[in-house]
Amino acid sequence: MSAWTVERAAIELLRCEDERTDREPITDEWPKLDVATAYAVQDATLRLRLERGENLVGIKLGLTSRAKQERMGISSPLVAWLTDAMELPPGDPVPQDRLIHPRVEPEIVFVMGRRLAGPGVTTATALAAVESVMGGAEVIDSRFRDFRFRLPDVIADNASSAAYVTGSVAMDPRELDLSLEAVLVEVDGQVVDSATGAAVQGHPASALALAANELGARGLAIEPGWIVLTGGMTDAVFAPPGASIACHFTRLGPVFVSGGAHASR
């Protein structure tokens, strides 16, 4: 087997996604994979996605809760890419036929009105660049078996990206206190979790600012019109076939996700 490289890792992770096959963490075989190299793998994967016809539509943040960051030994969220192939139209079920072990988590979603480029972005300047805010849900689906991975693995794997859906209510973010915006998560009619926007780095716009500064260090920016998933407000819940998941936001309305039908392998 050839030695691991950025290109090989990108091709392997896309293969796992396309073939709906999980694997052991890449760091098991490439222990010297570090965070900077993992982001290079993520960028190479994005290039391959664009080459096959997908379009870049925004970014997502991962590990936005401080408790999760402490467990992973980091102080800022992860940043990953969103393409139009990941958008799940409202009412469509989880695409079980192309996912391995999907989970769903509620998110506060920004639509950007202005370009946001680090360094030096603050919570206030980040929020001022937002055009609207919605409730949403992200479907995550790690390519690593049993969601077992180290930090560089999950970065390389585009922070377990799979799909996302947004609600029908769009508001000016200055019209509500996003740190107090609450969500109740229901699975098959039973409330299983709840949180407020404060679970996302203290305030979702603080997570946005950190993302802008992280991208700025790599010579990148958050562009107008982009969608930004600011990070899971609660732990993710499994989304098996037949499940019914609802994320009820206080002012941003409900977001519903159906587990759909069983996939055929």
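Above this note sits the structure.
All of these numbers come straight from a predicted model, not from anything done at the bench.

(A) Region of the structure containing unusual backbone geometry. Cis rather than trans, the peptide bond between Gly118 and Pro119 has omega equal to 5 degrees. Relative to the assigned elements, Pro119 resides in the loop between β3 (103–112) and α4 (123–128). A positive phi is found at Asn158, a non-glycine position, where the angle reads about 55 degrees. Within the secondary structure, Asn158 sits in the loop between α5 (151–156) and β5 (163–171). Asn158 gets classed as buried once you look at its relative accessible area, which sits at 4%. Phi at Ala159 is positive, roughly 55 degrees, even though this residue is not glycine. Take Ala159: it is sitting in the loop between α5 and β5.

(B) How the structure looks around the packing of aromatic side chains. The tally for this structure, following the rule as stated, stands at three aromatic pairs. Their ring planes at 10 degrees and their centres at 6.4 Å tell us that Trp4 and Trp30 sit as a pair that is stacked. Of this pair, Trp4 sits in the segment before α1 (6–19) while Trp30 sits in the loop between α1 and α2 (35–51), and the two are 26 residues apart along the sequence. The exposure class assigned to Trp4 is buried, which follows from its relative accessible area of 12%. Their ring planes at 90 degrees and their centres at 6.3 Å tell us that Trp81 and Trp226 sit as a pair that is edge-to-face. With Trp81 in strand β2 (residues 78–83) and Trp226 in the loop between α6 (204–217) and β8 (227–232), the pair connects residues that are 145 residues apart, well separated along the chain. Take Trp81 and Trp226: they sit in the same class, and that class is buried. The residue whose ring lies beneath Arg8 is Trp4, and the NZ or CZ to ring-centre distance is 3.7 Å. A cation over a ring is seen here: Arg103 above Phe147, with NZ or CZ 4.0 Å from the ring centre.

(C) Summary view of the pattern of salt bridges. Evaluation of the coordinates by the stated rule reveals 20 salt bridges. The partner of Glu12 in a salt bridge is Arg23, and the shortest N-O contact between them spans 2.9 Å. Linking Glu12 in helix α1 with Arg23 in the loop between α1 and α2, this pair joins segments that are eleven residues apart in sequence. Looking at Arg23, the relative accessible area reads 11%, which means it is buried. Put simply, Arg174 and Asp172 hold a salt bridge, and the shortest N to O gap is 2.9 Å. For Arg174, a relative accessible area of 46% corresponds to the partly exposed category. Asp172 sits in the partly exposed class, given a relative accessible area of 29%. Sharing partners across several salt bridges, the network here consists of Asp22, Glu24, Asp28, Arg145, Arg148 and Arg150.

(D) Layout of the layout of surface pockets. Considering only enclosed or pocket space, the largest pocket measures out at about 480 Å³ in volume. Considering the residues around the largest pocket, the lining is formed by 23 residues, among which Leu63, Lys68, Glu105, Ile140 and Phe149 are closest to the centre. Those elements that place two or more of their residues in the lining of the largest pocket are β1 (56–62), α3 (66–72), β3, β4 (130–140) and β8. Tallied by class, the residues present in the lining of the largest pocket amount to ten nonpolar, six polar and seven charged. Around the second largest pocket, the lining residues are Pro90, Gly91, Asp92, Val165, Thr166, Gly167, Ser168, Pro254, Val255, Phe256, Val257 and Ser258. Among the elements of the structure, β5 and β11 (253–258) are those that each provide at least two residues to the lining of the second largest pocket. At five residues, the largest contribution of residues to the lining of the second largest pocket is made by β11.

(E) Structural view of the environment of Arg143. Secondary-structure assignment places Arg143 in the loop between β4 and α5. Here the alpha-carbon distance between Arg143 and Ser161, two residues 18 residues apart in the chain, equals 9.4 Å. Discounting residues that sit within four places of it in the chain, Arg143 has contacts with Leu13, Cys16, Glu17, Thr21, Asp22, Arg23, Ile100, Asp157, Ser160 and Ser161. Engagement of the side chain of Arg143 in a polar contact is seen with the side chain of Asp157, the distance being 2.9 Å.

(F) A look at the side chain of Glu105. Tracing the chain through its elements places Glu105 in strand β3. Look at Glu105 and you get buried, because its relative accessible area is 9%. Apart from residues lying up to four places away in sequence, Glu105 is in contact with Gly136, Ala137, Glu138, Ile140, Gly232, Thr234 and Ala236.

Cut-off values and rules
Residues numbered from 1 in each chain as written. Predicted model: local features only at pLDDT ≥ 70, side-chain atom pairs only at ≥ 80, totals over all residues. Heavy atoms only, no water. Helix = DSSP H or I, 4+ residues; strand = E, 2+ residues; numbered from the N terminus. Buried < 20%, exposed > 50% of the residue type's maximum accessible area, 1.4 Å probe, protein only. Phe/Tyr/Trp six-rings, centres within 6.5 Å; stacked < 30°, edge-to-face > 60°. Lys NZ or Arg CZ within 6 Å of the ring centre and 35° of its normal. Salt bridge = Lys/Arg side-chain N within 4 Å of Asp/Glu carboxyl O. 1 Å grid on protein atoms, 1.4 Å probe; cavity = no way out; pocket = protein on both sides within 12 Å on 5 of 7 lines; lining within 4 Å. Points joined across faces, edges and corners; volume = space filled by probe spheres on them. Nonpolar A, V, L, I, M, F, W, Y, C, P; charged D, E, K, R; others polar. Contact = heavy atoms within 4.5 Å. Polar contact = N/O pair within 3.5 Å; in protein donor to acceptor, adjacent residues only side chain to side chain.

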